[in-house]
Amino acid sequence: MPTSSASTNGSVRSAPGGGVQSLERAFDLLERMADAGGVVGLSELSASSGLPLPTIHRLMRTLVACGYVRQQPSRRYALGPRLIRLGESSSRLLGTWARPHLARLVEETGETANMALLDGDEIVYVAQVPSKHSMRMFTEVGRRVLPHSTGVGKALLAGFPPQDVRALLARTGMPAATDRTITTPEGFLAALDEVRRRGYAIDDNEQEIGVRCLAVPVPDAPTPAALSISGPAGRVTEAATERIAPVLQQVARDLSEVLTSPGGGPTV
């Protein structure tokens, strides 16, 4: 974290950007807890953050009092239930901010557009704009699926280290949704190599027979997110893929600018 300077009264320290240092540190600790799986000890937080134990203990005591962290009987600390409401509200807003970009995808590709997040070990769809075709794909917002059989899952996991991908697959298993589903870690890791080489992911009848999906990650998103289009395999052909993939990549970059800008998303 950046070095801060004392305020005029000596009671509050401010970060160089005008923020409050204790808030920055508290949010940094919460993010480190999430990266570590949600449960950590003070010594682990001290080692990863570089903060002294007394400082971490004081911050954690405040977070526990507010309900954002819980102390376990083992004396380790876990992310608290009050974060759930914040996360759910944030996810809804993320879908709201994404919707104009999804509408643009539908306009330019003709196919249903989706936004999905990686939530734990699962993919959750948070926004969708349907195609105008009479034959179109529909995925219920809020639906959860396993990553290995989806284009968005591949797009997201392509950015993860192989050992993390293997660990996730070991936890979820790799059940076959269709006879085209990849069901081995080696096969899936090879598919992720292809995603990195091409710059986009393909679900070719792997989640549902007769459906093809193209997906890309949203660069620098605050949480792992991906955009996709899906449609009948007869329309989302190889030739269509060459036209659609660059559009997906550009829209993902444009959405990234919205999500990472200081002003956040549009007024809602």
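Before reading further, recall that the structure is shown in the block above.
Bear in mind that the values here come from a model prediction, so they are computed numbers and not experimental data. (Residues numbered from 1 in each chain as written. Predicted model: local features only at pLDDT ≥ 70, side-chain atom pairs only at ≥ 80, totals over all residues. Heavy atoms only, no water.)

*Asks:* Explanation requested: the layout of surface pockets in the structure shown.
*Replies:* In this approach the atoms are scanned with a rolling probe the size of a water molecule, which exposes any empty space left behind. Approximately 250 Å³ is the volume attributed to the second largest pocket. As for the second largest pocket, its lining consists of 16 residues, of which T139, R143, Q207, E208 and V211 are closest to the centre. Contributions of two or more residues to the lining of the second largest pocket are made by β10 (211-217) and β11 (225-232). Class assignment for the residues of the lining of the second largest pocket results in six nonpolar, seven polar and three charged. (1 Å grid on protein atoms, 1.4 Å probe; cavity = no way out; pocket = protein on both sides within 12 Å on 5 of 7 lines; lining within 4 Å. Points joined across faces, edges and corners; volume = space filled by probe spheres on them. Helix = DSSP H or I, 4+ residues; strand = E, 2+ residues; numbered from the N terminus. Nonpolar A, V, L, I, M, F, W, Y, C, P; charged D, E, K, R; others polar.)

*Asks:* Any chance you could explain the nonpolar core here in plain terms?
*Replies:* One broad trend across soluble globular proteins is that nonpolar side chains are buried collectively. By size, the foremost hydrophobic cluster in this structure holds 32 residues, and its most contacted members are L102, L105, M115, L227, I229 and L248. Of all elements in the fold, only α4 (82-109), β6 (112-119), β7 (122-129), β10, β11 and α8 (238-260) reach the threshold of two or more residues within this core. Per-element accounting of this core gives the leading share, nine residues, to α8. I123, L169, F188 and A215 belong to the second-largest nonpolar core, a separate cluster that totals 23 residues. (Core = buried A, V, L, I, M, F, W, Y, C linked by side-chain atoms within 4.5 Å. Buried < 20%, exposed > 50% of the residue type's maximum accessible area, 1.4 Å probe, protein only.)

*Asks:* For this particular structure, what's the right way to read the sheet that holds β11?
*Replies:* Taken in spatial order, the six strands of this open sheet run β8-β7-β6-β11-β10-β9, and their pairing is antiparallel. Strands with a single pairing partner mark the edges of an open sheet, and in this sheet they are β8 (144-145) and β9 (201-204). Two strands pair when backbone bridges link them, and β9 and β10 are joined in this way by four bridges, in the antiparallel orientation. Its bridge partner lying in β10, D203 is registered against C213. Most of the contacts of α8 go to β10, to which it runs at about 35°, and overall it touches β6, β10 and β11. (Pairing = 2+ DSSP bridges. Contact = heavy atoms within 4.5 Å. Axes fitted to C-alpha atoms, helices over the stretch in contact; angles between N-to-C directions.)

*Asks:* Looking at this structure, I do not really get helix α3 (residues 53-66). What am I missing?
*Replies:* Since the α-helix packs 3.6 residues into each turn, any two residues three or four apart lie on the same face. A rise of 1.5 Å per residue sets the reference length of α3, with its 14 residues, at 20 Å; its end C-alpha atoms lie 20 Å apart and thus fit the reference within 8%. In this structure, the buried residues of α3 make contact with α1 (21-35), α2 (42-49), β4 (69-71) and β5 (77-79). Backbone geometry just after α3 places G67 at a positive phi near 90°. (Expected span 1.5 Å × (residues − 1).)

*Asks:* Looking at this structure, how should I read helix α6 (residues 162-172)?
*Replies:* The complete set of buried residues in α6 reads V165, L168 and L169. The buried residues of α6 all sit within an arc of 95° when viewed along its axis, so they share a single face. Across α6 from its buried face, at more than 90 degrees, point the exposed residues Q163, A170 and R171. Contact partners of the buried residues in α6: α5 (151-157) and α7 (185-198). Positive backbone phi, approximately 75°, marks G173, located one or two places after α6. (Arc of directions from axis to C-beta.)

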